[in-house]
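Observations on chain architecture
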Amino acid sequence: MSSGDLLKRLFSSYRRGDSKEFYTIAQELIAEEEQRNHHVLASDLKKILENGTSRPVSSVRRFDLDQLPQDRERGTTLLEIRTPQRYIDELIVSPDLQDQIEIVLQEYRAIQVLQSNNLRARQKLLLAGPPGCGKTLCAEVIATELGLPLIYTRFDAVISSYLGETAANLRKVFDYAGRGTWVVFFDEFDAIGKSREDVEDHGELKRVVNTFLQLLDNFVSDSIFIAATNHERLLDRALWRRFDDILFFDLPNTDQVRELLNKKLSSIRHGELNIEKFVNLMAGWSHADVERVCFEAMKIAVLQRQTIITDDIFLVALKRQQRRLDIVQKTTQ
C-alpha cells in the first residue's frame, strides 16, 4: 500500500477515535520507512509513537503513571510526567546557544548511527544561567522536538528532612527513569548538587552528592538527562565532568528583546507601538520578565476592549512589572 493511502487511513482512524487502528497503521508507516532505509526517521517515529505526544500519556504509560515513585515518609510523588508542546522557534537565544541545542537534537536523532560507530550522543546536559532565561523552556523544547515525554523531578518532594531519605528518593527517581525513554529534567539542581567542600553543610549533603554521582555514572539509557541551575558556582566540581555539554543562558540583548516583543505580541495588533523605546527600558530584564509584560499588556487591552496595543497600554504593563521586580529585589536582599 502506498504511503498516501496509509496516511489517509491514519487520519481517518484519528477522526474516528479508533486508537487501535491508528496504532496499527502507524506501525505500518514505520515499517515502510525502514524498508526505504530511512532508519533515522523510522526510529524517530517509533519513539514518538511509544513515548511521545501523538497519543496521550495516560494511554501510553498508564501502568507507569499508576506507580510513580513516592517519598516513604510523606507519601508525596517525587516527579511529574509532562508532554510539553514547546518548539524550537520559541527559544530566543544567542546563535551559539542555538547551535548547541541543534547539535543535541541532531545527535540524538542519529543516536543509533553513532552507537553503531562506537560513538556517544550528547545525552547529559547542564543548563546554567540567571532565572527566567529559558532553561526550563529549553528542556521542554528538546522533549517536544524529539517526541519524548518529560520527567520533571519535584525537589520539594525529593529533599527530605529524614536522615538518608533524600538519597533513597534519588534512587527511586533514577530507577523509575531507567524503565523508559524520556527527557529527565532536574530543575534547581544546586539543591542537591551543592559542593561537598562547603564547610557549613553537614555530612548528609555529602552523602546525597556522592549518591547522585554514582546514580548518574551508572545511568545507561537512551533517555536525555538535563539538569538546570541558577547558581552554577555552588555545584560540586565533580558534577561538571559528568555532563556531555554545558549550555549557558544569558539575559537577552536588545535584539533578542525586540524579537521577543514581536513574537509574544504577534496575536494582537501592535504596529504603532514604539518598540525601540521599550526595548531600551527593559535592558537587563530576563526573558520571563519581558514575556510577562507582553501578557500583561494584552490583558489590559482585552479588558479595555481595545484591538491594538498602544504605548500607553504597554507602559502601564511595564510599570506593573517594574513594581513587581522592585518588590522581589527588596525581599531577596
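Preceding this section is the structure that the text describes.
Residues numbered from 1 in each chain as written. Predicted model: local features only at pLDDT ≥ 70, side-chain atom pairs only at ≥ 80, totals over all residues. Heavy atoms only, no water.

**Concerning the nonpolar core**
One broad rule of soluble globular proteins: the nonpolar side chains tend to lie buried together. The cut-off we apply is this: Residues enter a nonpolar core if they are buried and are Ala, Val, Leu, Ile, Met, Phe, Trp, Tyr or Cys, with the set joined through side-chain atoms within 4.5 Å. Summary of the burial criterion: residues with accessible area below 20% of their type's maximum are buried, those above 50% are exposed, and those between are partly exposed, where the area comes from a 1.4 Å probe applied to protein chains only. A run of DSSP states H or I qualifies as a helix once it reaches four residues; a run of E qualifies as a strand once it reaches two. Both are numbered from the N-terminal end. We call two residues contacting when some pair of their heavy atoms lies within 4.5 Å.
One finds Phe-186, Phe-189, Phe-212 and Phe-225 to be the most contacted residues of the largest nonpolar core, which totals 32 residues. Looking at this core, the elements that each hand over two or more residues are strand S1 (79-82), helix H9 (155-158), helix H10 (165-177), strand S4 (183-186), helix H12 (203-217), strand S5 (224-229) and helix H13 (237-240). What Phe-189 contacts, discounting residues up to four positions off in sequence, is Leu-126, Phe-155, Phe-212, Ala-227, Ala-228, Thr-229, Leu-235, Leu-239 and Phe-243. Core analysis: the next-biggest nonpolar cluster, separate from the first, contains 31 residues, Val-104, Leu-150, Leu-247 and Phe-249 among them.

**Observations regarding the pattern of salt bridges**
Pairing of side chains with opposite charge becomes possible as their charged atoms draw close. Worth spelling out the cut-off: The term salt bridge refers to a side-chain nitrogen of Lys or Arg lying within 4 Å of a carboxyl oxygen of Asp or Glu.
Evaluation of the coordinates by the stated rule reveals 19 salt bridges. For Asp-71, the salt bridge goes to Arg-74, with nearest N and O atoms at 3.3 Å. Owing to a relative accessible area of 2%, Asp-71 belongs among the buried residues under this scheme. Close ionic contact of Arg-292 with Asp-289 constitutes a salt bridge, the shortest N to O distance being 3.8 Å. Of the two residues, Arg-292 and Asp-289 are both situated in helix H16 (residues 287-303); the distance of three residues between them amounts to about one turn of the helix. Classification of Arg-292 as partly exposed rests on a relative accessible area of 33%. One network of salt bridges, in which partners are shared, links Arg-9, Glu-21 and Glu-28.

**Comments concerning helix H17 (residues 311-332)**
Count 3.6 residues to each turn of an α-helix, and residues three or four apart come out pointing the same way. Filter applied, for reference: To estimate the expected span of a helix, subtract one from its residue number and multiply by 1.5 Å.
Taking 1.5 Å per residue, 22 residues should reach 32 Å; H17 reaches 31 Å between its end C-alpha atoms and fits that length. Lining the buried residues of H17 we find helix H14 (254-264), helix H15 (275-281) and H16.

**What about the packing of aromatic side chains?**
For clarity, the cut-off: Centre distance within 6.5 Å is the pairing criterion for rings of Phe, Tyr and Trp, where only the six-membered ring of Trp is used; planes under 30 degrees apart are then read as stacked, over 60 as edge-to-face, and the remainder as tilted.
Under the counting rule described, the total for this entry stands at 13 aromatic pairs. Judged by centre distance (6.4 Å) and plane angle (35°), the ring pair of Phe-225 and Phe-243 falls under tilted. Taken together, the residues Phe-225 in strand S5 and Phe-243 in the loop between H13 and strand S6 (245-248) connect sequence positions 18 residues apart. Assigned by exposure class, Phe-225 and Phe-243 land together as buried. Grouped by ring-pair contacts, the aromatic residues Phe-174, Phe-186, Phe-189, Phe-212, Phe-219, Phe-225 and Phe-243 constitute a single cluster.

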